[in-house]
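# Breakdown of the fold
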Protein chains: 2
Amino acid sequence: MSGALDELIALMARLPGLGPRSARRAALALVQKRKVLLEPLAGAMAEVAASVRECLICGNVGTGEKCDICLDPKRDGRTICIVEDVADLWAMERAQVFKGRYHVLGGTLSALDGIGPEDLNLPRLAARVEQDGVEELILALGATVDGQTTAHYIADMLEGRGVRVTSLAQGVPVGGELDYLDDGTITAALNARRSV
Amino acid sequence: MSGALDELIALMARLPGLGPRSARRAALALVQKRKVLLEPLAGAMAEVAASVRECLICGNVGTGEKCDICLDPKRDGRTICIVEDVADLWAMERAQVFKGRYHVLGGTLSALDGIGPEDLNLPRLAARVEQDGVEELILALGATVDGQTTAHYIADMLEGRGVRVTSLAQGVPVGGELDYLDDGTITAALNARRSV
Ligand SMILES: [Zn+2]
Ligand SMILES: [Zn+2]
């Protein structure tokens, strides 16, 4: 086996959801489908590396300093939905029910993993609430211990700032991750949101 | 979401073992680990596209007209192991028990899928047996209907050519794929091979 192929397999195995065996299968598929898969994928990766960046406002991914959602005048900046990561933002968008903007934390607080407020996109959230006339923060965090710890931290942090803090309620299963839920569940959870 | 990222996700979802959700997760991981994952992976793909090709003798992947195994003088060219695909060849090599060379069919005969002898790397096999003084062909094909049909086709094709045709026996589970087996199972199957 060539060194380049070994290297490709080792890198593929570092992608989430791919173990050593599926990384080998994927690399072989790339070699065997050079024109229709390998070359377009190499090109798409180079393009993404050159063009995709993190939104300075919300932490979403996009192609400029501000993402499409932060730039869209039809999105309501007075309502901000807090998500753990960009995959959760995409899950919310697929449900097509939320018309506000987002704030991507980049994780949740975790005593076990040593993740504190300064490790998350929290300082920018405080500044945003202060400056942008935010009226409601919707916490769309998982119903895990860490997710709920993070929700309470945010509610405490913003107490007395005149912003309503709600959270997705009905339909988010205990221990469930947002990105696994179907659109209907997310819609129900959003419509039944409650004050924290 | 940017067009380049959509394109990347669509291409990732075409890799074996990755569904739409894991393709999104993988693409996000690439964006978030640009320096340590995305850029090296794009580079490895370009390198593989430029350097990796199919061995003209056996169908293995390598960097020249002949693969490392076909070029290695320590490998015994009188014994050839027939495998369905390169992943199976790799599984045999990981077991470190076979010292001969290989022939990669690129699939199995399948009436259902309309795959006939001319769709596989079979004509080259006949020529190889004729020219290279092959004494034993070891069929390392799956214990599936199509795998066994292919085994019998090869045994019939080479009848009267003075080559011994054996097949992996003990240890290959019914309906099992070689690439899923552990090294010990492969070793046992090879050592207990029988004439077809
Ligand atoms: Zn944004
Ligand atoms: Zn070869």
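Residues numbered from 1 in each chain as written. Chains lettered and ligands numbered in written order. Predicted model: local features only at pLDDT ≥ 70, side-chain atom pairs only at ≥ 80, totals over all residues. Heavy atoms only, no water.

## Topic: the coordination of the zinc ion (ligand 1)
Residues and elements named next belong to chain A. Coordination of the zinc ion (ligand 1) by the protein comes from Cys55 (SG), Cys58 (SG), Cys67 (SG) and Cys70 (SG), over a distance range of 2.3 Å. Because the angles between the four donor atoms bound to the zinc ion (ligand 1) fall within 104 to 115°, the donor set is best described as tetrahedral. Ordering the donors of the zinc ion (ligand 1) by residue number gives the pattern C-x2-C-x8-C-x2-C. Placement of the pair is cysteine 58 in the loop between β1 (53-54) and β2 (61-62) and cysteine 70 in helix α4 (residues 68-71), with a sequence separation of twelve residues. Given the relative accessible area of 12%, cysteine 70 is considered buried. (Donors = N, O, S within 2.8 Å, 3.2 Å for Na, K, Ca; no water. Tetrahedral: all angles 85-135°; square planar, octahedral: opposite > 155°, others 65-115°. Helix = DSSP H or I, 4+ residues; strand = E, 2+ residues; numbered from the N terminus. Buried < 20%, exposed > 50% of the residue type's maximum accessible area, 1.4 Å probe, protein only.)

## Here we look at the coordination of the zinc ion (ligand 2)
Residues and elements named next belong to chain B. Distances from the zinc ion (ligand 2) to its protein donors, Cys55 (SG), Cys58 (SG), Cys67 (SG) and Cys70 (SG), fall at 2.3 Å. One can describe the site at the zinc ion (ligand 2) as tetrahedral: its four donor atoms subtend angles covering 104 to 115° at the metal. For the zinc ion (ligand 2), the donor residues sit on a single chain with the sequence spacing C-x2-C-x8-C-x2-C.

## Here we look at the pattern of salt bridges
This model, assessed by the stated rule, comprises 15 salt bridges over all chains. With its nearest N and O atoms 3.7 Å apart, the salt bridge here joins glutamate 136 of chain A to arginine 164 of chain A. On the criterion of sequence distance, the pair formed by glutamate 136 of chain A in strand β5 (residues 136-139) and arginine 164 of chain A in strand β6 (residues 164-167) is long-range, its members being 28 residues apart. Where glutamate 130 of chain B meets arginine 161 of chain B, a salt bridge forms, and the shortest distance between an N and an O atom there is 2.7 Å. In this pair, glutamate 130 of chain B is assigned in helix α6 (residues 123-131) and arginine 161 of chain B in the loop between α7 (145-157) and β6 (164-167), connecting sequence segments 31 residues apart. (Salt bridge = Lys/Arg side-chain N within 4 Å of Asp/Glu carboxyl O.)

## Looking at the interface of chain A and chain B
Size of an interface: often given as the accessible area lost when the parts come together. With 51 residues of chain A at the contact, the number on the chain B side is 51 residues. The junction of chain A with chain B conceals about 4,800 Å² of combined surface from both sides, 70% of it contributed by carbon and sulfur atoms. For the interface between chain A and chain B, the tally reads two salt bridges. Here aspartate 85 of chain A ties to arginine 25 of chain B by a salt bridge, and the two come within 3.5 Å at their closest N and O atoms. Looking at the side of chain A that touches chain B, the elements with two or more residues in it are α1 (3-12), α2 (20-32), α3 (34-51) and α5 (86-95) of chain A. At 15 residues, the largest contribution of residues to the side of chain A that touches chain B is made by α3 of chain A. Classifying every residue of the side of chain A that touches chain B by side-chain character gives 32 nonpolar, four polar and 15 charged. (Contact = heavy atoms within 4.5 Å. Buried area = accessible area lost by both parts, 1.4 Å probe. Nonpolar A, V, L, I, M, F, W, Y, C, P; charged D, E, K, R; others polar.)

## Comments concerning the packing of helix α2 (residues 20-32) of chain B against helix α3 (residues 34-51) of chain B
Residues and elements named next belong to chain B. At a minimum axis separation of 6 Å, α2 and α3 run at an interaxial angle of 110°. With respect to α3, the element α2 is oriented roughly perpendicular. Contacts between α2 and α3 pair Ala29, Leu30, Val31 and Gln32 from the former with Arg34, Leu37, Leu38 and Leu41 from the latter. Classifying every residue of the contact of α2 with α3 gives six nonpolar, one polar and one charged. (Axes fitted to C-alpha atoms, helices over the stretch in contact; angles between N-to-C directions. Parallel < 35°, antiparallel > 145°, perpendicular 65-115°, else oblique.)

## Comments concerning the nonpolar core
Ranked by internal contacts, the top residues of the largest apolar core, which has 92 residues, are Met12 of chain A together with Met12 of chain B. Residues within four places of methionine 12 of chain B in sequence aside, it is in contact with Leu15, Leu41 and Met45 of chain A together with Leu18, Ala23, Ala26 and Leu30 of chain B. (Core = buried A, V, L, I, M, F, W, Y, C linked by side-chain atoms within 4.5 Å.)

## Some points on the pairing of β5 of chain A
Regular strands place side chains that alternate from one sheet face to the opposite one. All names here are of chain A. Residues of β5 alternate between two faces, with Glu136 and Ile138 on one and Leu137 and Leu139 on the opposite face, all of them buried. Note: strand β3 (residues 76-83) against β5, four bridges, orientation parallel. Residue cysteine 81 lies in a different strand from β5, and its bridge partner there is isoleucine 138. Note: β5 against β6, four bridges, orientation parallel. The partner of isoleucine 138 across the bridge, within β6, is threonine 166. (Pairing = 2+ DSSP bridges.)

## Thoughts on the relation of the copies chain A and chain B
Superposing chain A onto chain B takes a rotation of 180° plus a shift of 0.0 Å along the axis, which leaves an RMSD of 0.0 Å. These values place the two chain copies in the arrangement generated by a two-fold rotation axis. Of the C-alpha atoms belonging to chain A, the one lying closest to the rotation axis is found on alanine 42 of chain A, 2.5 Å away. An overlap of 100% is found between the interface residues of chain A and their copies at the interface of chain B, pointing to a shared contact surface. (Least-squares fit on C-alpha atoms with pLDDT ≥ 70 in both.)

## A look at the packing of helix α1 (residues 3-12) of chain B against α2 of chain B
Residue and element names in this part refer to chain B. At a minimum axis separation of 8 Å, α1 and α2 run at an interaxial angle of 130°. Considering their axes alone, α1 and α2 lie oblique with respect to each other. As for the relative orientation of α1 and α2, their crossing is right-handed in sense. Contacts between α1 and α2 involve Leu5, Leu8, Ile9 and Met12 from the first element and Ala23, Arg24, Ala26, Ala27, Leu30 and Val31 from the second. Tallied by class, residues from the contact of α1 with α2 come to nine nonpolar, no polar and one charged. (Left-handed = near helix turned anticlockwise from the far one by under 90°.)

## Concerning the confidence of the model for chain A
Residues and elements named next belong to chain A. Averaged over all residues, the pLDDT of chain A equals 86, while 87% of them reach at least 70. Across chain A, the secondary-structure element scoring lowest on mean pLDDT is strand β7 (residues 194-195), at 64, and the one scoring highest is strand β4 (residues 100-104), at 96. What the predictor reports for the complex is a pTM of 0.74 with an ipTM of 0.76. (pLDDT = per-residue confidence, 0-100.)

## Concerning α2 of chain B
Residues and elements named next belong to chain B. Here α2 contains 13 residues, and its C-alpha end-to-end distance of 18 Å stays within 8% of the 18 Å for a straight helix at 1.5 Å per residue. α2 sits mainly inside the fold: ten of its 13 residues count as buried. The set of residues buried in α2 consists of Ser22, Ala23, Arg24, Arg25, Ala26, Ala27, Leu28, Ala29, Leu30 and Val31. (Expected span 1.5 Å × (residues − 1).)

## A few points about the UniProt feature "zinc finger region: C4-type" (unreviewed entry) in chain A
The residues that UniProt annotates with the feature "zinc finger region: C4-type" (unreviewed entry) are residues 55-70 of chain A. In the segment residues 55-70 of chain A, helix accounts for 19% and strand for 12%; the C-alpha atoms at its two ends are 8 Å apart. (UniProt positions renumbered as here; feature names shortened; annotations may be inferred.)

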